[in-house]
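# Architecture at a glance
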Amino acid sequence: PQLMSSYRFASYDEGPPATPVHGPSGELACGADAPWVCEHRFAPIANMVAWRRTAGDTPLTGFLSDLAGEGVFFCRGATACIALNRAESSEWQLEVDLPLLVGSYCNIAVSSNPLDCPEVVVAARGKSTMLIVPPTGIVAIHLGAPAHVVDKAGLLVSPVASVAAVEAPEREPSPS
């Protein structure tokens, strides 16, 4: 995969700005009032890089598409799932059995901050999760982006770590 940045232009013949993206002191010429757009710095784009790293080369699973061809859903093994809706005026609601560990995950297409991200709750195996994908929107989750889960002491914990601790088999003490 390759990411690129772009610049604002008024006509199709216009070349790139004379101002470099990075100034001599490291300042950026990106943003609303700058010549460079720098989409690669937008949170949803940057978060998808982490999604791809987490998904790695795990096999494609659970592929679904809606009948109108406006929505696509798939997972990469039990590590990452994504639903994309290209319909401009209607949300896409789908019930899926997500293969990730039970817990709450951030919809990284919006935010990866575990304290305020939109949550996607992964239900127990055999239980469906309702995903609601907004018009021209994305719902993307992965094991590396748990949503806020607070333990009895009020500490932030990962749903993956807490589930792994619960599901870990008892081990016999090793002989000394």
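Small disclaimer: the values here were computed from a predicted structure and weren't measured.

### Observations concerning the confidence of the model for the protein chain
Averaged over every residue, the pLDDT of the protein chain is 82; the share at 70 or more is 81%. Here residues 159–176 is modelled with pLDDT under 50, and outside its nearest four sequence neighbours on either side it reaches 12 contacts, counting other chains as well.

### Here we look at the side chain of Thr79
For Thr79, the position within the fold is in the loop between strand 2 (71–76) and strand 3 (80–85). Under the relative-accessibility criterion, Thr79 is labelled buried at 17%. In this structure the side chain of Thr79 is engaged in a polar contact, spanning 2.8 Å, whose partner is the backbone oxygen of Arg76. Once you skip the residues sitting within four places of it in the chain, Thr79 turns out to touch Thr54, Ala55, Thr58, Leu100, Ile141, His142 and Leu143.

### Side note on the environment of Ala50
Relative to the helices and strands, Ala50 is located in helix 1 (residues 43–55). For the pair Ala50 and Ala145, spaced 95 residues apart in sequence, the C-alpha to C-alpha distance is 8.8 Å.

### Topic: the pattern of salt bridges
Scanning all chains against the criterion turns up 1 salt bridge. Residue Arg86 pairs with Glu70 through a salt bridge whose shortest N-O separation is 3.6 Å. Remark: Glu70 occurs in the loop between strand 1 (60–65) and strand 2 and Arg86 occurs in the loop between strand 3 and strand 4 (92–96); sequence separation between them is 16 residues. Judged by its relative accessible area of 27%, Glu70 falls in the partly exposed class.

### A few points about the state of the cysteines
Taken as a whole and judged by the stated rule, the model has 3 disulfides. What pairs with Cys75 in a disulfide is Cys81, and their sulfur atoms sit 2.1 Å apart. Since a negative S-S torsion denotes a left-handed disulfide, the Cys75-Cys81 link at about 100° is right-handed. When sorted by exposure, Cys75 lands in the same class as Cys81, which is buried.

### With respect to the packing of aromatic side chains
Any aromatic ring pair is given by two values, namely how distant the centres are and how the planes are angled relative to each other. Under the criterion given, the structure shown has 4 aromatic pairs. Consider the rings of Phe9 and Tyr12, whose centres lie 6.1 Å apart with planes at 50°: the pair is tilted. Taking the relative accessible area as the measure of exposure, Phe9 reaches 46% and is therefore partly exposed. Look at Tyr12 and you get exposed, because its relative accessible area is 81%. Centroid distance Trp51 to Phe74: 6.3 Å. Interplanar angle 80°. Geometry classified as edge-to-face. You can see Trp51 sitting in helix 1 and its partner Phe74 sitting in strand 2, a full 23 residues away along the chain. Exposure class is identical for Trp51 and Phe74. Each is buried. The rings of Tyr7, Phe9, Tyr12 and Trp36 are connected pair by pair, giving a single aromatic cluster.

Conventions we followed
- Residues numbered from 1 in each chain as written.
- Predicted model: local features only at pLDDT ≥ 70, side-chain atom pairs only at ≥ 80, totals over all residues.
- Heavy atoms only, no water.
- pLDDT = per-residue confidence, 0-100.
- Contact = heavy atoms within 4.5 Å.
- Helix = DSSP H or I, 4+ residues; strand = E, 2+ residues; numbered from the N terminus.
- Buried < 20%, exposed > 50% of the residue type's maximum accessible area, 1.4 Å probe, protein only.
- Polar contact = N/O pair within 3.5 Å; in protein donor to acceptor, adjacent residues only side chain to side chain.
- Salt bridge = Lys/Arg side-chain N within 4 Å of Asp/Glu carboxyl O.
- Disulfide = S-S within 2.5 Å.
- Phe/Tyr/Trp six-rings, centres within 6.5 Å; stacked < 30°, edge-to-face > 60°.

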